[in-house]
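Secondary and tertiary structure notes
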Amino acid sequence: MKINSVTGEIGRNDLGVVTTHEHVLLDLTAFYEHKEVEGVIDASTQKVEMWNLGILSRDCYALKDNLLLTDEETQLKEIEYFKKAGGNTVVDASLPGIGRDPKALKRIAKKTGLNIVMGTGFYVGATHPEALSTMTDEEVAQIMVNELTVGVDGTDIKAGYIGEIGISEIFDDKERKVLRASAIAQRKTGVAINVHINPWTTNGIEAMEILLNSGVKPEKICISHIDVENNYDYVLTLLKRGVYVEFDNFGKEYYIKREVRNSGYGLFVRDTERVTFLKRLIDEGYLNQILLSCDVCLKNLLHTYGGWGYDHLLKNVVPMMEDKGITKEQIETLLIKNPADWLTGKGE
Ligand SMILES: [Zn+2]
């Protein structure tokens, strides 16, 4: 099937090299909690600068400014690095409450020549609009179907998939409702679904089961953020049911400091460990169920602020994969074939 990009319908052969989970524009300040930060006068107004990058590498949420990818000119320049590195399609995971902006996405797609596929649905419960609490599953699904078939925010710019649907550390009933609604919308439209799972939990199992039990085919489901802890048993439970799992934290190698760590915010493995884990899953026969991206969601991940940017996967991780013995053909499957299968359907 064809899917919507923000600049119009595209088919399987238009997709090329895909990053399946990025935020071209993003505002995560809904999750900012003011705290005193050593050496910083006011953490809610302090800009991300060279001298505070060390602070951010031990607590990404320390400065409010780090949670804002909203400067269109900077974001345009940053996403262009992905294009220059050989990328063709960006699946954008931002939703209402975290800065989704259809018109800006369309401007950026036109200027860069990238396909940008925008999402529909709702992120974690903390960002849900009040009205959602009294709506039925069908009513929530209808919002998604409208955005997939008519347009978003009064424009004619359509969403091309459902996601990233948000599941918090503590899975709440509103989030379950959005998942059931996603399943209804998926069955009506045939599009792919991506589910954000708090990475330090195994909530992906319940999320997957809700979708499967609601009649969504496993090959349309992607469970995100499985590469923060590399929990093999958890990931295997997902893979055995036929869904996609997504390595989407390449570039985040943070050893979060003890004082701010909690059950929903912990340590990140390093890219080398991710590639080792990826190789293991490939060797065990799961090549066709894996998607890759960097999920750039913080300012300090951008080149402008000393990070590796949206091109990290293609420029730095691909060579690491080759060094580990992952073949060129397997890498093509991961970057081209699997995303096309997930987004447009197998062999279509
Ligand atoms: Zn996410």
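Below or above, wherever it landed, is the structure these notes cover. Owing to the predicted nature of the structure, the values given are computational and were not obtained by experimental measurement.

1. Focus: the layout of surface pockets
Here the largest pocket defines a volume of roughly 870 Å³. If you go around the largest pocket, you meet 34 residues; those closest to its centre are Phe-31, Tyr-61, Asn-198, Gly-264 and Tyr-265. Counted by class, the lining of the largest pocket contains 18 nonpolar, 10 polar and 6 charged residues. Estimated volume of the second largest pocket: approximately 160 Å³. As for the second largest pocket, its lining consists of Lys-35, Glu-36, Val-37, Glu-38, Ile-55, Arg-58, Asp-59, Ala-62, Lys-257 and Val-260. The class makeup of the residues in the lining of the second largest pocket is 4 nonpolar, no polar and 6 charged.

2. Describing the sheet that holds strand E10 (residues 193-197)
Hydrogen bonds between backbone groups are what pair the strands of a sheet, and the pairing can be parallel or antiparallel. The parallel open sheet is built from 6 strands, whose spatial order is E8-E9-E10-E11-E12-E13. The open sheet terminates on both sides in strands that have one partner only, identified here as strand E8 (119-120) and strand E13 (290-292). With 3 bridges joining them, E10 and strand E11 (residues 221-223) adopt parallel strand pairing. For Val-195, the partnering residue across the bridge sits in E11 and is Ile-223.

3. Description of the coordination of the zinc ion
On the protein side, the zinc ion has Glu-164 (OE), His-196 (ND1) and His-225 (NE2) as donor atoms, found 2.0 to 2.3 Å from it. Expressed as a motif, the donor residue spacing for the zinc ion is E-x31-H-x28-H. Here Glu-164 is found in strand E9 (residues 161-167), whereas its partner His-196 is found in strand E10, with 32 residues between them in sequence.

4. Here's the deal with the nonpolar core
The biggest cluster of nonpolar side chains holds 107 residues, and the ones touching the most others in it are Ile-223 and Leu-292. Filtering out sequence-adjacent residues up to four positions away, Leu-292 remains in contact with Val-18, Thr-19, Thr-20, Phe-247, Phe-250, Leu-278, Leu-313, Met-321, Leu-334 and Leu-335. Grouped together as the second largest cluster of nonpolar side chains are 15 residues, Leu-15, Ala-192, Cys-222 and Leu-291 included.

Here is what the cut-offs are and how they apply
Residues numbered from 1 in each chain as written. Predicted model: local features only at pLDDT ≥ 70, side-chain atom pairs only at ≥ 80, totals over all residues. Heavy atoms only, no water. 1 Å grid on protein atoms, 1.4 Å probe; cavity = no way out; pocket = protein on both sides within 12 Å on 5 of 7 lines; lining within 4 Å. Points joined across faces, edges and corners; volume = space filled by probe spheres on them. Nonpolar A, V, L, I, M, F, W, Y, C, P; charged D, E, K, R; others polar. Pairing = 2+ DSSP bridges. Helix = DSSP H or I, 4+ residues; strand = E, 2+ residues; numbered from the N terminus. Donors = N, O, S within 2.8 Å, 3.2 Å for Na, K, Ca; no water. Core = buried A, V, L, I, M, F, W, Y, C linked by side-chain atoms within 4.5 Å. Buried < 20%, exposed > 50% of the residue type's maximum accessible area, 1.4 Å probe, protein only. Contact = heavy atoms within 4.5 Å.

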